[in-house]
Amino acid sequence: MSNNYDVIVVGGGHAGCEAALAAARMGCETLLFNINLDSIALMSCNPAIGGLAKGQLVKEVDALGGEMGKLADKTAVHFRLLNASKGPAVQSTRVQCDKQLYRLAMKTVVERQPRLHLRQGLVDELVVAGGRVLGVIDETGVQYEAGAVVLTTGTFLNGLIHIGTTRIPAGRAGEMASLRLAAHLRSLGFEMGRMKTGTPPRLKAATIDFSRLVRQDSDPDPQPFSFATASLRTERLPSYFSHTTAATHDFLRENIRESALYSGRIKGIGARYCPSLEDKVMRFADKEQHPVVLEFEGLETEEIYAKGLGNSLPPALQERLVHSVPGLEEAEIMRWAYAIEYDFVQPTQLWPTLEAKPLKGLYLAGQINGTSGYEEAAAQGLWAGINAAAAVQGRPPFLLNRAEAYMGVMIDDLVTRGVDEPYRMFTSRAEFRLILREDNATLRLMDQGRELGLIDAGAHARMRERREEIAEEMGRLSAARIYPVAATIKILEEMKTTAIKNPVSLFQLLKRDEVAFDDLAPFAGAGWRPIADPFVKRQVEIEAKYEGYIKRQREAVAKLKALEARRIPEDLDYDAIPGLSNELRTKLTRIRPATIGQADRIPGMTQAAISAILIAIKKGELEKAAAARSGQGEGPQG
């Protein structure tokens, strides 16, 4: 059995699966390690994919040839379009998946992927020599060699579960923690920190009084995540809503010192945007209740995910807490809630490729970089896997900037700003969110996916046809004009929109909020024609209604590109640049920004400092040019 591979991926969660699949599909012999092969792609928390800003990440992963969107479509049992009443820039898809079906579906995909090999085992060390990684060593002492290694360790690095006063070393409930690898990374000099997350209790459906809860059914006509999905499964499961009560809050306050979080036993940093119930009650004392959402974990299980009841209380107190919620008075807990602490690596130690600056050939993706969420992990895994494969094959690195993808926003945030709490993607993080919509991800990114070899020719051709049809239809509507004659005014009255006083194009008419594409059917004689593809129709509508805003964002993108085009030499000596504060010198030396654009986004950066850096770069370029000219002038004398 060969122990020599092109790429080794450590960890079979959402990041690891995407990384391993990308590397194998790009032609690399790839080995995927997981502590337990039965837990590949297991959803440790809520079995949901997507959500605000996260749906955009899933669509982008799919457009580049990743797997998450396809499997979410295949295993989803509840569909919601979030922010449906708002503009397209902030609309996002979220689905509730069958937990076990998703895990098994991904296990099938990775097992059947050519060039991808699976190994159950715990990686304890990296093989390091000459400033680069050469492979890994597992817990049995067996060494595996590789041109690149991708670490996607999730919450397993030095993982510690808290349930009241009980502490259990584990990566998640029922699985051992990775202790030696965490210590090994520290010994290599990586700056590491400690974070905390948690998961709520799982309840038995048969013991819940659903008649007292508010039921929410799935959207009736959902759209898939993946461009490759032809149809969605027909089975649907509802969600139910309850809430905490004054009794819940009083009980928590009375017993708050029994919580691992408030007893001082937990040192890791939790997320402000996703607090435990203890945090909600203690930090928001004016709130009389907090929502509790009950979601099925699958079609063939009684387990209910109790979103909103996350805590780290002892078991006996967890039962009393759950029973204080309307509809849950007799609810039986199948799995206890718990908090978990784990180590992470400060991501400012990574290049934008997600390669570690201190150790060439080592890539990090997912929660090891201080992020949270399946979608953030999958996007990083795909990114790291592509770049690991590209490095091994001698291909250019794969990079997307903040104007090209939510993925680009996330990676730039991580490597430029670092993290001081678990990082989660929000639409507000994306300056150009109107042009980085969920609905246009394939148009934006499928060309790159095809170039990488992760998208097949047929799918790419279909996308190009759609893009051409959108452009053609926009041109057609812009050229088609209507005039303020009696027949036109009557049609507009029937459409309940304002009459026109001057000739306008159908494209201009489509800009109106109350006018949809199909409403223009009465103007077929003027140049309108029906469109069968709802995707094309949707894109034409959005381009018309938001044309002015989109134009301004694209102008801003042009300015960003100018800053990103100005590269900074890797060996630039920031200590030698006059005018920089000691704080900025330290940050610039640690982060090593690749471009002026990235430097400009470092917290605390000033325009005076940017000017000083530009002067230093120019000075260095002039000195190198002068040295080159001097070298050309020297030679043997005749």
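Everything in this summary refers to the structure shown in the same document. By convention here, each chain's residues receive numbers from 1 onward along its written sequence. Thresholds applied to this predicted model are a pLDDT of at least 70 for local features of residues and 80 or more for the giving and counting of side-chain atom pairs; totals over whole chains, interfaces and linings are not thresholded and use all residues. Water and hydrogen atoms were dropped before computing side-chain values, which therefore reflect all heavy atoms in the structure.

Attention shifts here to the overall build of the protein chain. When you go through the protein chain residue by residue, the secondary structure sums to 19 helices and 22 strands. Radius of gyration means the value over C-alpha atoms here, while the globule rule gives 2.2 Å times the residue count to the 0.38 power. A compact globule built from 638 residues would reach a C-alpha radius of gyration of about 26 Å, and the protein chain, at 27 Å, matches this within 12%. In terms of overall dimensions, the protein chain has C-alpha extents of about 100 × 80 × 55 Å along its principal axes. Relative accessibility thresholds used throughout: buried, under 20% of the residue-type maximum; exposed, over 50%; partly exposed, between the two (1.4 Å probe, protein chains only). Evaluated residue by residue, the protein chain yields a buried proportion of 56% over its 638 residues. Put simply, DSSP H or I for four residues or longer makes a helix, DSSP E for two residues or longer makes a strand, and each gets a number counted from the N terminus.

Packing of helix H6 (residues 246–254) against helix H8 (residues 315–323) leaves a shortest axis separation of 9 Å and a crossing angle of 160 degrees. What the angle tells us is that H6 and H8 run roughly antiparallel. The chirality of how H6 crosses H8 is left-handed. Along its contact with H6, which presents Thr248, Phe251 and Leu252, the element H8 presents Leu317, Arg320 and Leu321. Gly falls in the polar group here, along with every residue not listed as nonpolar (Ala, Val, Leu, Ile, Met, Phe, Trp, Tyr, Cys, Pro) or charged (Asp, Glu, Lys, Arg). Of the residues belonging to the contact of H6 with H8, the class tally is 4 nonpolar, 1 polar and 1 charged. An axis is simply a line fitted to the C-alpha atoms; with a helix, the fit covers only the stretch in contact. Between two such axes, the angle follows the N-to-C directions and lies from 0 to 180 degrees. We call two directions roughly parallel when the angle between them is under 35 degrees, roughly antiparallel when it is over 145, roughly perpendicular when it lies between 65 and 115, and oblique otherwise. Working rule for handedness: look at the near helix, and if it is turned counterclockwise from the far one by less than a right angle, call the crossing left-handed; if clockwise, right-handed. Throughout, a residue-residue contact means that at least one pair of heavy atoms, one from each residue, lies within 4.5 Å.

Moving on: the packing of aromatic side chains. For Phe, Tyr and Trp, where Trp contributes only its six-membered ring, two rings pair if their centres lie within 6.5 Å, and the inter-plane angle classes them as stacked under 30 degrees, edge-to-face over 60, or tilted in between. Summed over all chains, the structure comprises 6 aromatic pairs. Taking the centre distance of 5.0 Å and the plane angle of 85 degrees together, the rings of Phe33 and Tyr144 count as edge-to-face. Highlighted residues: Phe33 in strand S2 (residues 30–34) and Tyr144 in strand S9 (residues 143–151), separated in sequence by 111 residues. By relative accessible area, which is 1% here, Phe33 ends up buried. Relative to Trp528, the ring of Phe517 lies with its centre 5.7 Å away and its plane at 45 degrees, an arrangement referred to as tilted. With a gap of 11 residues between them, Phe517 in the loop between helix H14 (506–510) and helix H15 (534–545) and Trp528 in the loop between H14 and H15 connect regions that are remote in the sequence. Put simply, the rings of Phe210, Tyr240 and Phe296 pair up and form one aromatic cluster. Two conditions define a charge sitting above a ring: the NZ of Lys or the CZ of Arg must be within 6 Å of the ring centre, and it must be within 35 degrees of the ring normal. Sitting over the ring of Trp351, Lys357 keeps its end group 5.1 Å from the ring centre. Stacked on the ring of Tyr423, the Lys or Arg Arg429 has its end atom at 4.1 Å from the ring centre.

With that out of the way, let us pick up the pattern of salt bridges. Salt bridge, as used here: a side-chain nitrogen of Lys or Arg that lies within 4 Å of a carboxyl oxygen of Asp or Glu. According to the stated counting rule, one finds 38 salt bridges in the structure shown. A salt bridge links Glu473 to Arg476; the shortest N-O distance between them is 3.6 Å. Taken together, the residues span about one helical turn, with Glu473 and Arg476 both in helix H12 (residues 457–479) at a distance of 3 residues. For Glu473, a relative accessible area of 0% puts it in the buried group. When the shortest N-O distance is used, the salt bridge between Glu564 and Arg601 registers 2.8 Å. Placement of Glu564 in helix H16 (residues 547–565) and of Arg601 in the loop between helix H18 (596–600) and helix H19 (607–633) is noted, with a sequence separation of 37 residues between them. Residue Glu564 is classed as buried on the basis of its relative accessible area, which comes to 17%. A residue is classified by how much of its surface remains accessible, and Arg601, at 13% relative accessible area, is buried. Bridged by salt links that share partners, the residues Arg402, Asp412, Asp413, Arg417, Glu431, Glu564 and Arg601 form one connected network.

Before going further, it helps to examine the side chain of Lys107. Examined against the element boundaries, Lys107 turns out to sit in helix H4 (residues 99–112). A relative accessible area of 17% means that Lys107 is categorised as buried. Here Glu111 takes part through its side chain, which lies 2.5 Å from a polar atom of the side chain of Lys107. For Lys107, the residues in contact, after removing those within four places along its chain, are Leu37, Asp38 and Ile40. N or O atoms closer than or at 3.5 Å make up a polar contact, with two conditions inside protein: a donor-capable atom paired with an acceptor-capable one, and, for residues adjacent in sequence, both atoms drawn from side chains.

Moving on: the sheet that holds strand S3 (residues 48–50). Across the sheet, which stays open at both edges, the 3 strands sit in the order S3-S5-S4 with antiparallel pairing between neighbours. On the outer flanks of this sheet lie S3 and strand S4 (76–82), each paired with one strand and no other. Taken pair by pair, the neighbouring strands of this sheet meet at an average axis angle of 20 degrees, ignoring direction. Note on pairing: DSSP must find at least two bridges between two strands before they are called paired.

Locating Ala558 in the fold gives a position in helix H16. Separated by 47 residues in sequence, Ala558 and Met605 have C-alpha atoms that sit 21 Å apart.

Take the pairing of strand S10 (residues 160–163) next. Neither face of S10 is left uncovered, since the one carrying Leu160 and His162 and the one carrying Ile161 and Ile163 both have all their residues buried. In this sheet, strand S19 (residues 338–345) lies alongside S10 in antiparallel orientation, the contact comprising 3 bridges. Following the sheet pairing, Ile161 is matched in S19 by Ile340. Bridge count between S10 and strand S11 (residues 166–169): 4 bridges; the pairing is antiparallel.

Looking now at the sheet that holds strand S18 (residues 333–335). What the 6 strands build is an open sheet, ordered S14-S15-S16-S17-S13-S18; its pairing is antiparallel. What marks the edges here is a single partner per strand, and that holds for strand S14 (214–216) and S18. The sheet shows a mean angle of 35 degrees between the axes of neighbouring strands, taken without regard to direction. As judged from the 3 bridges shared by strand S13 (residues 202–204) and strand S17 (residues 303–307), these two strands associate in the antiparallel manner. Bridge pairing in S17 links Lys204 to Glu303.

Within soluble globular proteins, side chains that are nonpolar tend to cluster in buried spots. In this structure, Ile8, Ile49, Leu151, Leu185 and Leu362 are the most contacted members of the largest nonpolar core, which totals 108 residues. Sort the elements by how many residues they give to this core and helix H9 (residues 374–393) lands first, with 10 residues. Discounting chain neighbours no more than four positions away, the residues touching Leu185 are Leu126, Leu151, Leu157, Phe190, Met192, Val345 and Ile368. Joining through side-chain atoms within 4.5 Å is the link that ties buried Ala, Val, Leu, Ile, Met, Phe, Trp, Tyr and Cys residues into a set, and such a set is a nonpolar core. Judged by nonpolar contacts, the second largest core, of 28 residues, contains Met446, Ala459, Ala480 and Ile491.

Moving on to a negative patch on the surface. What goes into a patch is any residue over 30% in relative accessible area without a salt bridge, connected to like charges within 9 Å or, for nonpolar side chains (Val, Leu, Ile, Met, Phe, Trp, Tyr), within 5 Å. Reported accessibility uses the Shrake-Rupley method at a 1.4 Å probe radius. Residues are deemed covered only where the shown protein chains occlude them. For this count, His and the chain ends are skipped, Lys and Arg are scored as positive, and Asp and Glu as negative. Where a charge sits is defined by one atom per residue type, namely NZ (Lys), CZ (Arg), CG (Asp) or CD (Glu). Together, Glu570, Asp571, Asp573 and Asp575 line one region of the surface with negative charge. Inspection of the secondary structure puts Asp573 in the loop between H16 and helix H17 (582–591).

Summarising the element assignment, Asp279 is placed in helix H7 (residues 277–283). The residues touching Asp279, leaving out its near neighbours within four places in the chain, are Leu261, Tyr262 and Phe284.

All right, on to unusual backbone geometry then. One non-glycine residue, Asn83, lies in positive phi territory at about 60 degrees. Following the sequence through the fold, Asn83 ends up in the loop between S4 and strand S5 (92–97). Residue Asn83 is classed as partly exposed on the basis of its relative accessible area of 23%. The backbone of Asn158 shows a phi angle near 55 degrees, a positive value even though the residue is not glycine. Mapped onto the fold, Asn158 is located in the loop between S9 and S10. Assessed through its relative accessible area of 29%, Asn158 is described here as partly exposed.

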